[in-house]
Each structure stands twice: as C-alpha cells, then as structure tokens.
Amino acid sequence: MAVAHIKNDSPFTPGRPVPVDLFVGRTPQIEETVRYLRQAVAGRLESIFLAAERGMGKTSFAHFLMEYAEKQEGMLAVHVSLASVDSLSDLVRHTFERILNEARGEDWFDRIRQFFGGHVRNADLFGLKLAFAPADADLASLTARFPEALGNLALQLAEHKTGLFLVLDDINGLAERTEFANWYKGLVDSAAVMFPKFPVAIMVVGLPAQRAGLYGLQPSLPRVFRHVDLARLEDEDVDRKST
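The structure presented is a predicted model; accordingly, all values stated were derived computationally and were not measured. (Residues numbered from 1 in each chain as written. Predicted model: local features only at pLDDT ≥ 70, side-chain atom pairs only at ≥ 80, totals over all residues. Heavy atoms only, no water.)

(A) Region of the structure containing the pattern of salt bridges. Scanning the model with the defined rule gives 12 salt bridges in all. Linking Lys71 and Glu67 is a salt bridge whose minimum nitrogen-to-oxygen distance equals 2.6 Å. Placement of both Lys71 and Glu67 in helix 2 (residues 58–73) is noted, with a separation of four residues, approximately one turn of the helix. Residue Glu67 is classed as partly exposed on the basis of its relative accessible area, which comes to 23%. One continuous salt-bridge network, built from bridges that share partners, spans Arg44, Glu46 and Arg226. (Salt bridge = Lys/Arg side-chain N within 4 Å of Asp/Glu carboxyl O. Helix = DSSP H or I, 4+ residues; strand = E, 2+ residues; numbered from the N terminus. Buried < 20%, exposed > 50% of the residue type's maximum accessible area, 1.4 Å probe, protein only.)

(B) Geometry of the pairing of strand 6 (residues 200–206). Among the seven residues of strand 6, seven are classified as buried, and the element is accordingly described as predominantly covered. Because side chains alternate across strand 6, one face comprises the buried residues Val200, Ile202, Val204 and Gly206, and the other comprises Ala201, Met203 and Val205, equally buried. With six bridges connecting them, strand 1 (residues 46–51) and strand 6 associate as parallel partners. Note on strand 6: the bridge partner recorded for Glu46 is Ala201. The sheet contact formed by strand 5 (residues 164–169) and strand 6 spans five bridges and is parallel. Pairing of Val167 across the sheet is with Met203, part of strand 6. As a crossover connection, the stretch from strand 5 through helix 7 (residues 178–194) into strand 6 is right-handed. (Pairing = 2+ DSSP bridges. Right-handed = clockwise from strand over helix to strand, strands pointing away.)

(C) Structural context of the pairing of strand 5. Across the six residues that make up strand 5, a large majority, six, are buried. Side-chain alternation along strand 5 places Leu164, Leu166 and Leu168 on one buried face and Phe165, Val167 and Asp169 on a second face that is also buried. With six bridges joining them, strand 2 (residues 76–81) and strand 5 adopt parallel strand pairing. Counterpart to Ser81 in the pairing with strand 5 is Asp169.

(D) Main features of the packing of aromatic side chains. As enumerated under the stated definition, the model contains 12 aromatic pairs in all. For the pair Phe96 and Phe132, a centre-to-centre distance of 5.6 Å together with 75° between the ring planes defines the contact as edge-to-face. Highlighted residues: Phe96 in helix 3 (residues 88–103) and Phe132 in strand 4 (residues 130–132), separated in sequence by 36 residues. For Phe132, a relative accessible area of 1% puts it in the buried group. Centre to centre, the rings of Phe116 and Phe132 are 5.3 Å apart; their planes meet at 70°, and the pair counts as edge-to-face. (Phe/Tyr/Trp six-rings, centres within 6.5 Å; stacked < 30°, edge-to-face > 60°.)

(E) Fine view of the packing of helix 1 (residues 27–41) against helix 2. Where helix 1 contacts helix 2, the axes come no closer than 11 Å and their chain directions differ by 45°. Classified by the angle their axes make, helix 1 and helix 2 are oblique. The crossing of helix 1 and helix 2 is right-handed. Between helix 1, through Gln29, Ile30, Thr33, Val34, Leu37, Arg38 and Val41, and helix 2, the contact on the second element is made entirely by Phe61, Phe64, Leu65, Tyr68, Ala69 and Glu73. Taken together, the residues of the contact of helix 1 with helix 2 break down into nine nonpolar, two polar and two charged. (Axes fitted to C-alpha atoms, helices over the stretch in contact; angles between N-to-C directions. Parallel < 35°, antiparallel > 145°, perpendicular 65-115°, else oblique. Left-handed = near helix turned anticlockwise from the far one by under 90°. Contact = heavy atoms within 4.5 Å. Nonpolar A, V, L, I, M, F, W, Y, C, P; charged D, E, K, R; others polar.)

In structure tokens:
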C-alpha cells in the first residue's frame, strides 16, 4: 500500500524526536498503522500498542503518525504525556485537557469548550493554556464513563474532523496497575456496545516489558491491541543526505 507523504529518503535519529518531514526508516510500521487510522476514520475504535525499547524512536514515530493523521486523514491528533500520571482519574483529566488545548484556536473550538461545561479555566495569567479542572466527584464519574464521554466528544467533532487520534505516551506509572488494564479493556467493550460508530484510534506507547506486564494483568488485552513494534535501525536504514 502506498502512503502519501511518507518519505523514504529522509534521515532519522533513534532516541530523539525529529521534524516530521525528516522521518525515515519505519515505512512498514507506518503503513501498518495508517491502515488502523483509516479503519478508525471509518468508525471502528482501534487500539494500538506501540512497543520499543528505550532509544528506539517511539516518540518520533508517534509524532509522525499524528502529523499524518491530521494532514492526510483529517483527524484531530493529540499527544498525552502520562509520565507523571499514576491514576485513572489523572489519565482522564490529562487527556481531556490536552484535547482542549489542541483544539484551541480552531474556529469550532467554542463548541468543544461548551462540551466540557464549566470545568474549563485558564491555567496561566495570560490565558495561553487551558486547564480541565472538574470537581473530584465529576472527575470520578467521567473516569467511570470515559467511553461514553469520548464517544460523545467524537460526535461533537464530526462536522469538523474525521476522527480522534489519541497518543497515550509514557505509561510508566500505569503499566503495573491492574485497574488500568481492566479499565482499558472495559473502554473497548463499552465503546463497541454504546456506539454504532466510534471514530477513535488510541495508541498506547510503552516498553515491550510493560505491554507484557499489562497482558499478564488482563489476559484479554492481547486481543484488544494491534501490535506495532520498533526494532533498532541498522546503519544502512538511515541515510543522511548532504545538501
């Protein structure tokens, strides 16, 4: 399958995020993931686990796919860093907060802000960043009903975006938690029951050991996730062209 906008002759440095237009060396994995994004646009929830050891370019890969999802597929792509997150409620709060800030500046932003009601406030003196700050009880309810909230948000976006692409990165604080493994399985099951179409792709980014650990906590998860693995690039796979 030919994928537009993928350049086979641009340089890539493992372990360091690079500009999207300089990405190279992961074409098979990119094409595989693009298939999943297109299935999400068609209305099917897609769960992708991007696994690689440290230094293999996971973040660069994810950002490339985010750029592709936005420019080629018309999705809203959102990167959620969970490095400091160790609870489900914080995961949900961070996710919605990143969606709000990513959508800010769009001509349809007011509609999205209204979706979040009175839980949105300015996070700094100049109003350059928004915070999603619901009361504890409201956040607990959103966490329990996350599939419904996410599906309804996708419906709000439907006039403007083909779907939603969430990248859940740095899951170190969640990878060993049974509650996270069970919650994610419940998310997938509930989405399938609640919505005839669920145009959302979720990419969880972590280490192979973290993926294996989650699968040990929730044996059904291997059937939930698409597996995308990044190995170390060999020297011949990376070509720096002089200009």
